[in-house]
Amino acid sequence: MRYYQCSTYPIEFVLSENIEKCFVAHNHVGHYVISVVMQGMVTVCLQGREMSCHRGDVFIVPPYAVHSVRQGRESCLLSMCMGTAFVENTPLEIVKNIVRKLSEDAVKKDVFKTEQKDTLSASVEAVYALCRQGCKEMDADIKILADKITRCPEQELTVDSLAADIFMSKYYFIRKFKNSIGMTPHQFHIQNRIRKAQRLMAAEQQSVGIMAAEQQSVGIMAAEMGFYDQSHFDRAFHKIVGISPSEYMDSKRMIR
């Protein structure tokens, strides 16, 4: 897997190839994802609907939409992630122009081909159509707690304490949370710890360089994110991201 992060805008390209992996049910809280199958077949389960996607097919994942992805070594999947706030606060034509320029840069660097550039650019309008529909509705109390977990995933937020915050029994809270978010509070908590670890590692890599960031970050990130030890962190990271923390650091590249 390779990650190409924009240095100016909250946009990232992810190229997933030469990997046989099933990314279990998860969601993306802070961004929209446009995915294009470049080669082979990818099986996607999006909000309960399973689809077999082949070369040229596109699927779009809005924030909080629970989905899983299964791909084999013969398949190649390109994804473009765009920050939710960026989409909500930036006019469509400006974003289309930004995506076009970033895609042109990616084509020059042989990240993907002109065919995928055109597909991504054309799909931006579909993202805005989803944005106008609004994000997935959820109970206000659950939304408050989901935001709390997302903001501070490194904190020890137990199910008991979260349930007490909204005056619910533990088991009723777990059921209600899963019905709203599509994941248990524990799964959502671990996912957001890993997502924050990714952001911190990317930021550190950008400031001090790849080798220095790897030496400094991977060894201490487990403790900072509230994991028992680095082994626990490594297992959770690999399950969610598909590669190890060290491989993730090594795969990050900047564009523009």
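What counts as what
Residues numbered from 1 in each chain as written. Predicted model: local features only at pLDDT ≥ 70, side-chain atom pairs only at ≥ 80, totals over all residues. Heavy atoms only, no water. Pairing = 2+ DSSP bridges. Helix = DSSP H or I, 4+ residues; strand = E, 2+ residues; numbered from the N terminus. Axes fitted to C-alpha atoms, helices over the stretch in contact; angles between N-to-C directions. Core = buried A, V, L, I, M, F, W, Y, C linked by side-chain atoms within 4.5 Å. Buried < 20%, exposed > 50% of the residue type's maximum accessible area, 1.4 Å probe, protein only. Contact = heavy atoms within 4.5 Å. 1 Å grid on protein atoms, 1.4 Å probe; cavity = no way out; pocket = protein on both sides within 12 Å on 5 of 7 lines; lining within 4 Å. Points joined across faces, edges and corners; volume = space filled by probe spheres on them. Nonpolar A, V, L, I, M, F, W, Y, C, P; charged D, E, K, R; others polar. Parallel < 35°, antiparallel > 145°, perpendicular 65-115°, else oblique. Left-handed = near helix turned anticlockwise from the far one by under 90°.

Comments concerning the sheet that holds strand S3 (residues 21–26)
The sheet built from four strands is open, its strands ordered S3-S8-S5-S6 with antiparallel pairing. In this open sheet, the two strands that pair with only one neighbour each are S3 and strand S6 (49–54). Put simply, the sheet's adjacent strands are angled 15° from each other on average, direction ignored. Where strand S5 (residues 41–46) lies against S6, six bridges are found, and the strand directions are antiparallel. Across the sheet, Cys-45 pairs through a bridge with Glu-50, a residue of S6.

Describing the nonpolar core
Ile-194, Phe-227, Phe-233, Val-241 and Tyr-248 are the most contacted members of the largest nonpolar core, which has 35 residues in total. Not counting the four nearest positions on each side in its chain, Val-241 is found in contact with Met-1, Tyr-3, Phe-23, Ile-194, Gln-198 and Tyr-248. Judged by nonpolar contacts, the second largest core, of 29 residues, contains Ile-11, Cys-76, Val-87 and Cys-131.

Concerning the layout of surface pockets
Of the volumes computed, that of the largest pocket is approximately 910 Å³. Along the walls of the largest pocket sit 41 residues, with Glu-12, His-28, His-31, Cys-81 and Arg-195 positioned nearest its centre. Ranked by the residues each element gives to the lining of the largest pocket, the list is headed by helix H7 (residues 185–208), at eight residues. Class assignment for the residues of the lining of the largest pocket results in 20 nonpolar, 17 polar and four charged. Put simply, the second largest pocket is a space of about 360 Å³. Residue lining of the second largest pocket: 14 residues in total, with Val-24, Gln-187, Ile-190, Lys-239 and Ile-240 positioned closest to the centre. Listing elements by their share of the lining of the second largest pocket, those giving two or more residues are S3, H7 and helix H9 (230–241). Looking at the lining of the second largest pocket element by element, the count peaks at five residues for H9. Of the residues contributing to the lining of the second largest pocket, the split by class is six nonpolar, six polar and two charged.

Observations regarding the sheet that holds strand S9 (residues 76–83)
The strand order S7-S4-S9-S2-S1-S10 describes an open sheet built from six strands, whose pairing is mixed. Both edges of this open sheet fall to strand S7 (58–61) and strand S10 (252–255), since each of them pairs with a single strand only. Between one strand axis and the next, the sheet turns through 20° on average, direction left out of account. When strand S4 (residues 31–39) meets S7, the two strands line up antiparallel, connected through four bridges. Residue pairing for S7: Val-36 is matched across the bridge by Val-58.

Quick notes on the pairing of strand S8 (residues 67–71)
On any regular strand, side chains alternate: one points to one face of the sheet, the next to the other face. Among the five residues that make up S8, four are buried, leaving the element largely enclosed by the rest of the structure. Judged from the five bridges that link them, S5 and S8 form a sheet pairing that is antiparallel. Considered in S8, the bridge of Val-42 is made with Gln-71.

Quick notes on the packing of helix H2 (residues 92–108) against helix H3 (residues 114–133)
Axis separation between H2 and H3 bottoms out at 9 Å; the angle between their running directions is 160°. Classified by the angle their axes make, H2 and H3 are roughly antiparallel. As H2 packs across H3, the resulting crossing turns out to be right-handed. Only Thr-114, Lys-117, Leu-120, Ser-121, Val-124, Glu-125 and Tyr-128 of H3 make contact with H2, whose side of the interface consists of Leu-92, Val-95, Lys-96, Val-99, Arg-100, Ser-103, Glu-104 and Val-107. Tallied by class, residues from the contact of H2 with H3 come to seven nonpolar, three polar and five charged.

Some words on the pairing of S4
Of all nine residues that make up S4, seven are buried, and the element is covered over most of its length. Two strands pair when backbone bridges link them, and S4 and S9 are joined in this way by eight bridges, in the antiparallel orientation. Bridging across to S9, Ile-34 finds its partner in Met-80.

Things to note about the packing of helix H4 (residues 140–151) against helix H6 (residues 170–181)
At a closest axis distance of 10 Å, the pairing of H4 and H6 adopts a crossing angle of 80°. By the angle between their axes, H4 is roughly perpendicular relative to H6. Between H4, through Ile-142, Leu-145, Ala-146 and Ile-149, and H6, the contact on the second element is made entirely by Phe-173, Lys-176, Phe-177, Ser-180 and Ile-181. Classifying every residue of the contact of H4 with H6 by side-chain character gives seven nonpolar, one polar and one charged.

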